[in-house]
Amino acid sequence: MLININDFNMKRYKILLAVLVLGTMTACNSTDGKLTGTGAAAPAAGGQENVKDDVSAKDVVKVAAGSKDHTTLVAALKQADLITSLSNAGPFTVFAPTNAAFDKLPAGTVDGLMKADQKEALQNILQYHVTVAAMKAETFTDGQVLGMVNGDNVTISIKNGKVILNNSAVIIASVAASNGIVHIIDAVLLPPAKK
Amino acid sequence: MKNIQSFVICSGLVTAIILGAGSCKPKNAGNAVSGDAASKVYVAPGKYDEFYNFVSGGFSGQMSVYGLPSARLLRVIPVFSVDPEKGYGYSEESKPMLNTSHGFVPWDDLHHEDLSQTNGEIDGRWIFANANNTPRVARVDLTTFHTAEIIEIPNSAGNHSSPFITENTEYVVAGTRFSVPPDNADGDVAINSYKKNFKGSISFISVDKATGSMAIAFQLRCPGVNFDLSHAGKGKSNGWFFFSCYNTEQANTLLEVNASQRDKDFIMAVNWKKAEEYLKAGKAVKESVKYVHNVYNEKTHSATSEIRTEVMVLDTKELKDICYFIPCPKSPHGCDVDPTGEYIVGSGKLAALIPVFSFDKLMKAIAAKDFIGDYDGIPVVKYESALYGEVKKPGLGPLHTEFDGKGNAITTFFVSSEIVKWNIKDLKILDRAPTYYSPGHLCIPGGDTKKPNAKYVIVYNKITKDRYLPTGPELAQSAQLFDISGDKMQLILDFPTIGEPHYAQAVAADVIRNNSVKFYKLEENTHPFVSKGEGETKVVRKDKRVDIYITAIRSHFAPDNIEGIKMGDEVYWHVTNLEQDWDVPHGFAIKGALTAELLIMPGETQTLKWTPEKPGMYPFYCTDFCSALHQEMQGYVRVSPMGSNTALLFSTGKNMPPKDSIGTK
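Source: prediction; values computed, not measured.

Caption draft 1: Spotlight on the overall build of chain B. Each helix and strand counted, chain B has eight helices and 44 strands in total. Expected size for 665 residues packed as a compact globule is a radius of gyration near 26 Å; at 28 Å, chain B falls within 12% of this value. Its C-alpha atoms put chain B at 95 × 75 × 40 Å along the principal axes. Residues counted as buried form 51% of the 665 residues belonging to chain B. Pairs at least 24 apart in sequence give 61% of the contacts found in chain B among residues at least 6 apart.

This is how it looks when you write it as structure tokens:
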């Protein structure tokens, strides 16, 4: 194989490079063309939810996962592929309906949403429970409108010292998380019907 | 391959690939990089490197941390120079770290490092570093990768022969490069009175086993020469320390010529256990000196700098059985002890051979008083009586040697630009490989300990020339990675470094990585100006001093609106990062600050002193991208003229415009 610089053109150059590179790999590495390289102890694949860290404060996902009253929510977040996003830096405010809140929905609603072909609808509902900003309960004001992750709004009202969302769900407790805050609510928020 | 010469005119890329491909066939001498080099250094995304490599930053004053074999730069640890990126030397807490008996020194020249050892093996707790200009030794904590302590060295100038340690980290040594008149003598003397007035000094700094805390245990007063490098004995020779010295001519000018007169200079063997005995027996003289001891406290997140005024000095001329000189050809530089502790390798910069001394023979010669005389009161052992043998014609300009733990040594040759592997027992040369160009130090993981982990040697070159894309007159500094797992040393990677690399250390990652701290616990924070929650934030005025207790958490400061600061005020921003989460530092910067930013780790409090130079509105913000609303993490501070009646106000989320006057004053 001889390269003549005078009739050298880009196309040939690229082909030649490819041939040489492949030739080098196969001849010397004998690992069917893959550059395997070296390196020890790979961290787990996937998103930040897989980072091994037993000492940091819990993020919103770990807070929810640690509650036995939120198993439906956590299962739904998994089904909707939202665990990775909510394990991120945030800051998030998550309105977290209890299992009892989900049970108040018409029979079969949750099961229906958990079906593969309903993933988008499930994502829409769950994203309606999250806003990007860490908002403590005492910072909410009567009439305040929150823009939620799914693009719709939630309206806050304050009655008798209670924070109520869309006149339907009441914040019954709040838990600080490393990447935001989890407000536990007693009803599921339903986004407005799409036009 | 017979056409290879016609390839010379092709682009460098094509040439490199062809050379790479060609290496699958039997090698010829011209093939510098072989075909499997790429896979040997490739660490896939998400995989960890196998080794930490701590590389001295030379005139940057800092220490860099690389992963090997990928040579990915993981961190630059500020040690002896200010680092505005991290607020080091600018925050009130870190300023005392750079205090010296001369005052605040913002720069130094970090040459050498040694990892702490237990039983002659790297234990991964600390790494020590020297300041070559204003003599100091630093200890870096390897749980935080933070400079934990710096101690100044009195009676010294140019702390080059440092910070080498004993095999259980009992001591870190500091040998002076420049001999000088001692600190308690009048230094205002004629320079050419060197022989009369200038003294050498070797400091033994004790290291507390539990805390790492350093203290100068004693100093050895030595003849006025230049001490260059050193290494402790180990195993059988534990209890001894070996220092190379040059300028035994005692020249005070044009050392290039005048310090190269003698055929042989010395390796100085120091019996430090004997020195300890003399110290205990009260033979040391207490001298009054002035030096500082700076300590960073991880609970207060603050450094303190204390003045020390005494040092215990042992006179090696009087106390005859502490020090012995071994003649060593031609201005020895490197002074390296093999893993068994039996062989001491001296590398004369101008020598055409490498002498290897035997510890056993040295002990016999000392016992038999097999001396050829004395040098300034120190006995000089007969060269042949201490010599094990010489490596003949090894190369030109030997500088430093590391060991592979398999009976071999690898030495750098500055003048002939190569590394040479040789067998310690038979002194035969086994392999040589060119470096690009002119190597100084080299490093094998654990290569100066009892247990080398000899998969690689990293060579730190002094000249780079054409190895990288040019960047004007100042070029990248260069390191080169060789695979030494086989019989032949194989160059597998070039990588640039910060500052100028001198000595380096490397260790298997497992020794260090599992001890790494993820964040500081807020509940353990005892900083006097900490705010452990937003409820504790406040602004306190006392005359002209204003202390702002402020917190940072995703994604706001509390307070973020501050009014009532006045011209002439001295304002201290005490920023506490309330996060208790891995990898969430917050930054703090304010417009016009004549200092730097703060970079505050989770759970930490750091303080920026600020004296506004004119009335007006000063925004401040978080500099370290912390969350999706990082760009919202900001605030304002209003500065009014001196004597104005603007009330002191501070809040977050409460300072709303009056409903009837939005946008007006």
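There's more to say after this.
Caption draft 2: Representation of the nonpolar core. Ranked by size, the top nonpolar core spans 131 residues in total, and within it Ile267(B), Val270(B), Ile326(B), Val457(B) and Ile458(B) carry the most contacts. Among all residues touching Ile267(B), those that are not within four sequence positions of it are Phe242(B), Phe243(B), Ser244(B), Ile326(B), Cys328(B), Pro332(B), Cys335(B), Ile344(B), Gly346(B) and Phe357(B).

Caption draft 3: Just helix α6 (residues 359-367) of chain B, in detail. Residue and element names in this part refer to chain B. For α6, the set of buried residues is Phe-359, Leu-362 and Ala-365. Seen end-on, α6 carries its buried residues on one side only, within an arc spanning 120°. Along its buried surface, α6 packs onto β15 (264-271), β18 (323-329), β20 (343-348), β21 (353-358), β23 (378-381) and α7 (383-386). Lys-369, located one to two residues past α6, shows a positive phi value of around 50°.

Caption draft 4: The environment of Val60(A), seen in detail. Residues and elements named next belong to chain A. For Val-60, the location among the structural elements is in helix α2 (residues 60-65). For Val-60, a count of 27 C-beta atoms within 10 Å gives the class buried. When the C-alpha positions of Val-60 and Leu-86 are compared, they lie 6.8 Å apart, and in sequence the two are 26 residues distant. Excluding anything up to four places from it in sequence, Val-60 contacts Leu-86, Phe-92, Val-94, Ala-177, Asn-179, Gly-180 and Val-182.

Caption draft 5: Seen up close, the environment of Ser157(A). All names here are of chain A. Within the secondary structure layout, Ser-157 lies in strand β4 (residues 153-159). A tally of 15 C-beta atoms within 10 Å means that Ser-157 is categorised as partly exposed. Among residues more than four places away in sequence, those in contact with Ser-157 are Asp-142, Gly-143, Ile-164 and Asn-167.

Caption draft 6: Structural context of the confidence of the model for chain B. Mean pLDDT over chain B works out to 94, with 94% of the residues at or above the 70 mark. Overall fold confidence (pTM) sits at 0.90, and the ipTM for the predicted complex is 0.83.

Caption draft 7: Examining helix α3 (residues 71-79) of chain A more closely. All names here are of chain A. Among all positions of α3, only Leu-73, Ala-76 and Leu-77 are buried. Looking straight down α3, one finds that the buried residues subtend no more than 100° of arc, so they occupy a single side. Buried positions along α3 lie against α2, α4 (83-86), β1 (92-97) and α7 (119-127). In the stretch just after α3, Asp-81 is the one whose phi turns positive, near 60°.

Caption draft 8: Here's a closer look at the pairing of strand β29 (residues 439-443) of chain B. Residues and elements named next belong to chain B. Here β29 lies mainly inside the structure; five of its five residues are buried. As defined by bridge partners, β29 adjoins strand β30 (residues 456-461) across three bridges and the pair is classed as antiparallel. Counted as the bridge partner of Pro-439 is Asn-461 from β30.

Caption draft 9: Geometry of the pairing of strand β42 (residues 616-621) of chain B. Residue and element names in this part refer to chain B. Both strand β39 (residues 586-590) and β42 contribute to a ladder of two bridges, which runs antiparallel. By the bridge assignment for β42, Ile-590 is matched with Phe-620. By the bridge criterion, six bridges tie β42 to strand β43 (residues 634-640) in an arrangement that is antiparallel. Directly across from Pro-619, in β43, lies its bridge partner Tyr-636.

Caption draft 10: Broad picture of the sheet that holds strand β44 (residues 649-651) of chain B. All names here are of chain B. Overall, mixed pairing links the six strands, which are arranged β40-β39-β42-β43-β37-β44 in an open sheet. Looking along the sheet, the strands with just one partner apiece sit at the ends: β40 (598-600) and β44. Strand-to-strand twist of the sheet, defined as the mean angle between neighbouring strand axes without regard to direction, takes the value 20°.

So, how was this worked out
Residues numbered from 1 in each chain as written. Chains lettered and ligands numbered in written order. Predicted model: local features only at pLDDT ≥ 70, side-chain atom pairs only at ≥ 80, totals over all residues. Helix = DSSP H or I, 4+ residues; strand = E, 2+ residues; numbered from the N terminus. Rg over C-alpha atoms; globule rule 2.2 N^0.38 Å. Buried ≥ 20, exposed ≤ 12 C-beta atoms within 10 Å, placed from the backbone. Contact = placed C-beta atoms within 7 Å. Core = buried A, V, L, I, M, F, W, Y, C linked by C-beta atoms within 7 Å. Arc of directions from axis to C-beta. pLDDT = per-residue confidence, 0-100. Pairing = 2+ DSSP bridges. Axes fitted to C-alpha atoms, helices over the stretch in contact; angles between N-to-C directions.

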